[in-house]
Each structure stands twice: as C-alpha cells, then as structure tokens.
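One-letter residues, chain by chain:
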Amino acid sequence: MPKLLPDILAPNLHVIFCGINPGFSAAEAGHHFLNRSNRFWRVLHLSGLTPHQIEPENDRSILQYGYGLTTAVARPTRRAAELSRGEFEPARTALEGKVRHMRPYAIAFLGKRAYAEMTAEKSIRWGLQSTPFAETQAWVMPNPSGLNRGFSLDALVAAFREMRVMIESEIRSDQVLTATRPTNA
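The present account deals with the structure reproduced in this document. (Residues numbered from 1 in each chain as written. Predicted model: local features only at pLDDT ≥ 70, side-chain atom pairs only at ≥ 80, totals over all residues. Heavy atoms only, no water.)

**A short note on the layout of surface pockets**
Taken as a whole, the largest pocket holds about 830 Å³ of empty space. In this structure, the largest pocket is lined by 35 residues; those nearest its centre are Asn21, Asn38, Asn143, Ser145 and Leu147. Of all the secondary structure elements, the ones that give two or more residues to the lining of the largest pocket are helix H1 (24-29), strand S2 (67-71) and helix H4 (112-119). Per-class residue counts for the lining of the largest pocket are 15 nonpolar, 16 polar and 4 charged. (1 Å grid on protein atoms, 1.4 Å probe; cavity = no way out; pocket = protein on both sides within 12 Å on 5 of 7 lines; lining within 4 Å. Points joined across faces, edges and corners; volume = space filled by probe spheres on them. Helix = DSSP H or I, 4+ residues; strand = E, 2+ residues; numbered from the N terminus. Nonpolar A, V, L, I, M, F, W, Y, C, P; charged D, E, K, R; others polar.)

Right, dumping it as structure tokens:
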C-alpha cells in the first residue's frame, strides 16, 4: 500500500489549497508539490501569497502565512487520470468534514476536475464559485502542475493574485466590521 501524504491544516486559515490527489513521489517523501516541474510554490510567491518561494521540503511553513494544503482524494497515483469515479464519493464526505472542522475563509480547488467531482457541478468557470463547498467560499484555480501547459506562468500568477486580493480585502472588511460592532453589556 502506498504511503499517504499528510494534510497541512490548522483552524481558521485564509485558504486551504486542494489538489486532486498526490503523486507517488510527493507521498513517499511526505511533501506537497515536490515535483520541480510543478509551479505551485513559485506561483504562490509571485502572486504575493507568500513573501518568498517556499521549498517543497518546507511545505509546513505555509501555515504561518494563513494557508493550508490537502487533496480531494488521498490515494497517490502517477497521474490523476488513474483515479476512478468511485473514489470521489467517500473522498467528498471526508473533505467536507475537514473543511467544516477547520473553518477556513476559502477553499481553492486546483483544477476543475477536483471541484467537479466534489460537487457534481457540470458547468464550472475559473475563479470564485457561486456555490460554497461545505459552507465555505469556493474557488477553482488553474492547476499549476507541470503537466498543465494550458496556462502560462503569467496566467497562473494573475489568477492566484486575483484570488489573494479579493480574499484579503474581504477578510479586512470582516475584521473592521467585527471590531466596530457594539458588544452587549
């Protein structure tokens, strides 16, 4: 049985990034987005989500910036296409439980397939979704995998920057509203 890749989660994060499933090498090493062809860590930095590019071996440090990592399906594969449709139903229940327990501000699915399989949505656009996932704001972001060449580095950075700017603005607004609410004496 292949080794499983542990989640990197904490309560009340800004965003949980959710890949479809881990690759074998990432699961074996115990680090997310380990493959050097994957642009995830570079995109996070270039879009302003992290102040420097995190090395995959230091993936747990993402928590200090308010972000977490998980996968829709825990089973590692060489390619996500190896996953069967039957693996997504129990995975959805598990993911919903994690998200409800951790209460992030948003969840960002990396690629349309992960979100589609978790929600049964047929027509999915990039960006903020109109339907929350597990009572949490849901985003669908282009997958930064090195296998996904449909998006240039610049396009990935722009998409992640848009999400960052919107979420940071909403979080600041929520904090201002909370701070200005009168307390009941």
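**Concerning the pattern of salt bridges**
Enumeration over the complete set of coordinates arrives at 10 salt bridges. With its nearest N and O atoms 3.4 Å apart, the salt bridge here joins Arg36 to Glu57. Of the two residues, Arg36 sits in the loop between H1 and helix H2 (40-46) while Glu57 sits in the loop between H2 and S2, which places them 21 residues apart along the sequence. Within the structure, one salt-bridge network assembled from shared partners comprises Arg36, Glu55 and Glu57. (Salt bridge = Lys/Arg side-chain N within 4 Å of Asp/Glu carboxyl O.)

**Re the side chain of His32**
In this structure, His32 sits in the loop between H1 and H2. Overall, His32 belongs to the buried group, its relative accessible area being 4%. In terms of polar contacts, His32 uses its side chain to reach the backbone carbonyl oxygen of Pro6, at 2.8 Å. If we ignore the near neighbours within four places in the chain, the residues touching His32 are Leu5, Pro6, Asp7, Ile8, Trp41, Pro56, Asp59, Leu69 and Thr70. (Buried < 20%, exposed > 50% of the residue type's maximum accessible area, 1.4 Å probe, protein only. Polar contact = N/O pair within 3.5 Å; in protein donor to acceptor, adjacent residues only side chain to side chain. Contact = heavy atoms within 4.5 Å.)

**So, the environment of Ala80**
As for its position among the elements, Ala80 is in the loop between S2 and helix H3 (88-102). C-alpha of Ala80 to C-alpha of Pro22: the two residues are 58 residues apart in sequence and 8.3 Å apart in space. Dropping the residues within four chain positions of it, Ala80 is found in contact with Ile20, Asn21 and Arg113.

**Brief notes about the sheet that holds strand S1 (residues 15-19)**
A sheet is described by the order of its strands in space; here 5 strands give the open sequence S2-S1-S3-S5-S4, paired in mixed fashion. The strands lining the two open edges of the sheet, one partner per strand, are S2 and strand S4 (127-128). Two strands pair when backbone bridges link them, and strand S3 (residues 106-110) and strand S5 (residues 137-141) are joined in this way by 5 bridges, in the parallel orientation. Within the sheet, the bridge partner assigned to Ile107 lies in S5 and is Ala138. (Pairing = 2+ DSSP bridges.)

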